[in-house]
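Single-letter residue listing:
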Amino acid sequence: MQCFRPVRRLGDEVDKTAAMVKRLSQKVSGGVREGWDSSTCQISRIMRPDDANIVGNVHGGTILKMIEEAGCIIGTRHCNTQNGDRCMAALARVEKTEFLCPVFIGEVAHVTAEITHTSQHSLEVQVEVMAENILTGTKKLANKAALWYVPCSLKNVDKIMEVPPIEYASAEQAEEGRKRYEAQKMDRLKTQTRIKDVVSPPSNPGDPKKEQHTVGFSQSSLIHLVGPSDCTLHDCVHGGVTMKLMDEVAGIVAARHCNTNIVTASVDAINFHSKIKKGCVVTVTGRLTFVSNKSMEIQVIVDASPLMEEEKGKYHAVSAFFTFISLDKYNRALPVPPLKIKGEEEQRSFEEGNARYLHNKAKRLAAKENQQ
């Protein structure tokens, strides 16, 4: 016996689709669907083997990319709640990001983003990452981050749009946000001034002939051609794509220095100095600048070079400092081999890194005391 399903007429499908579109459009008010909160956003994803290293720790770059995706969604959604040109939120800066505990294969990462401050042309998004073990139901706070975005018009990527203001719970909250805005603005200006004088290290990977535990031995680079899948609607690279490449390079540097399992512990402010467009060749270079007893600071610089417009030349696009730690098979911190310094430049970088290390350590201790 043969069974036949009734054939649906094309006209019926068209009518149903039109009715569905009509129902959806009725739920839209002022460009935002009813029931949507444009100031918060959550994305979730289970961690797969290709998200992690060989011992099952999820790469910091994977988490950073998810954090930026959530920030981009909420920033773009918020900035398009007003009339005018449609726009896309472009990442301008990531504040110091702490990796509070490792995330493992099989856990679900829940990334929650919230807009906490707006200025005339920028907005701050604060993000938390919860890792859930779906077998036991236990959850842990894995990451916290703060990101700054600027809305760029889809018609003209160089046109910065105005940001709709948010309502604050109190005047104190608004004032705290304003102080954070002024602080990051000042720090970005200082970094932009310093980065002009930075000479990118050679892009060749660490030379195995060099002495072990020196800067040159572990120095590493990745070269990547920016394609369509890396880009936003502006044909500019997603900030999360860049951060993932930076974390990968920093991880290679740390692994070469320690020869152990390594994980991202924190990331100092990531500053996006210039846009990277589709068709550029990016060179991501990392080198050790400071080593404490149980941590390594790695400077990562992203240089971009337009492939089809060589006359524009190579330029510094992004810069940051990553901190990695070495772990044993029980995920306990291991001592890190001392860094062998050679030359005045490496000595100066080491002293600056030591100052950052002591400053961050003091801030962590102060934060613990305030919680008690």
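Everything numeric in this text was worked out from a predicted model, so none of it was measured.

Enquirer: What is the right way to read the overall build of the protein from this model?
Expert: For the protein, the count of helices and strands is six helices and 15 strands. Taking the contacts inside the protein whose residues are at least 6 apart along the sequence as the reference set, 73% of them involve residues at least 24 apart. When the accessible surface of the protein is split by element, carbon and sulfur atoms take 54% of a total near 20,500 Å².

Enquirer: In this structure, what is going on with the pairing of strand β12 (residues 280–291)? I would like to understand it.
Expert: Within a regular strand, the side chains alternate between the two sheet faces. Across the twelve residues that make up β12, a large majority, eleven, are buried. Two elements, strand β9 (residues 220–225) and β12, share six bridges in a ladder whose sense is antiparallel. Counterpart to S221 in the pairing with β12 is T285. For β12 and strand β13 (residues 296–306), the ladder comprises eleven bridges, and the chain directions are antiparallel. Each residue of the ladder has a partner; that of G286, found in β13, is V300.

Enquirer: Would you mind showing me how to read the pairing of strand β7 (residues 123–132) here?
Expert: The buried count for β7 comes to seven of ten residues, which makes it a mostly enclosed element. Two strands pair when backbone bridges link them, and strand β6 (residues 108–118) and β7 are joined in this way by ten bridges, in the antiparallel orientation. Across the sheet, residue A113 finds its bridge partner in β7, namely V127. Counting the residues that bridge the hairpin from β6 to β7 gives four residues. Direction of pairing for β7 relative to strand β8 (residues 139–153): antiparallel, over a ladder of ten bridges. Each bridged residue has a counterpart across the sheet, and for A131 the counterpart in β8 is K140.

Enquirer: Any chance you could explain unusual backbone geometry here in plain terms?
Expert: Note on backbone geometry: most residues besides glycine have negative phi, and most peptide bonds are trans. The residue H213 is not glycine, and still its phi comes out positive at about 70°. Here H213 lies in the loop between α3 (171–195) and α4 (215–218). Residue D235 is not a glycine yet carries a positive backbone phi of 65°. On the basis of relative accessibility, which here comes to 35%, the residue D235 falls in the partly exposed class.

Enquirer: Help me understand the layout of surface pockets in this model?
Expert: If you roll a probe as big as a water molecule over the atoms, it shows you where there is empty space left. Considered as a void within the structure, the second largest pocket measures approximately 710 Å³ in volume. Lining the second largest pocket are 34 residues, and of these A90, L91, A92, V150 and R188 sit closest to its centre. Elements represented by at least two residues in the lining of the second largest pocket include exactly β4 (87–94), β8, α3 and α5 (239–258). If one sorts the elements of the lining of the second largest pocket by residue count, α3 sits on top with six residues. Among the residues making up the lining of the second largest pocket, the classes are represented as 18 nonpolar, twelve polar and four charged.

Enquirer: What exactly am I supposed to notice about the pattern of salt bridges here?
Expert: Two side chains bearing opposite charge may form a pair once their charged atoms approach each other closely. Tallying each qualifying case throughout the model produces 18 salt bridges. For E124, the salt bridge identified is with R180, shortest N-O distance 2.7 Å. With E124 in strand β7 and R180 in helix α3, the pair connects residues that are 56 residues apart, well separated along the chain. With a closest N to O distance of 3.0 Å, K244 and E248 form a salt bridge. Pair noted here: K244 and E248 are both in helix α5, with a separation of four residues, about one helical turn. According to the relative accessible area criterion, K244 is partly exposed, its value standing at 25%. When salt bridges with common partners are traced through the structure, they connect D85, K155 and K159 into a single cluster.

Enquirer: I keep staring at empty space enclosed by the protein and nothing clicks. Help me out?
Expert: The full count for this structure, using the stated rule, is one cavity of 30 Å³ or more. What the largest cavity holds in volume is close to 60 Å³. Every residue along the wall of the largest cavity is listed here: H224, V226, D230, V237, V241, T242, L245, I276, V282, V284 and V302. Among the secondary structure elements, those contributing two or more residues to the lining of the largest cavity are α5 and β12. In terms of residues, the lining of the largest cavity owes the most to one element, α5, which gives three residues.

What counts as what
Residues numbered from 1 in each chain as written. Predicted model: local features only at pLDDT ≥ 70, side-chain atom pairs only at ≥ 80, totals over all residues. Heavy atoms only, no water. Helix = DSSP H or I, 4+ residues; strand = E, 2+ residues; numbered from the N terminus. Contact = heavy atoms within 4.5 Å. Areas by Shrake-Rupley, 256 points an atom, 1.4 Å probe, with all protein chains shown as cover. Buried < 20%, exposed > 50% of the residue type's maximum accessible area, 1.4 Å probe, protein only. Pairing = 2+ DSSP bridges. 1 Å grid on protein atoms, 1.4 Å probe; cavity = no way out; pocket = protein on both sides within 12 Å on 5 of 7 lines; lining within 4 Å. Points joined across faces, edges and corners; volume = space filled by probe spheres on them. Nonpolar A, V, L, I, M, F, W, Y, C, P; charged D, E, K, R; others polar. Salt bridge = Lys/Arg side-chain N within 4 Å of Asp/Glu carboxyl O.

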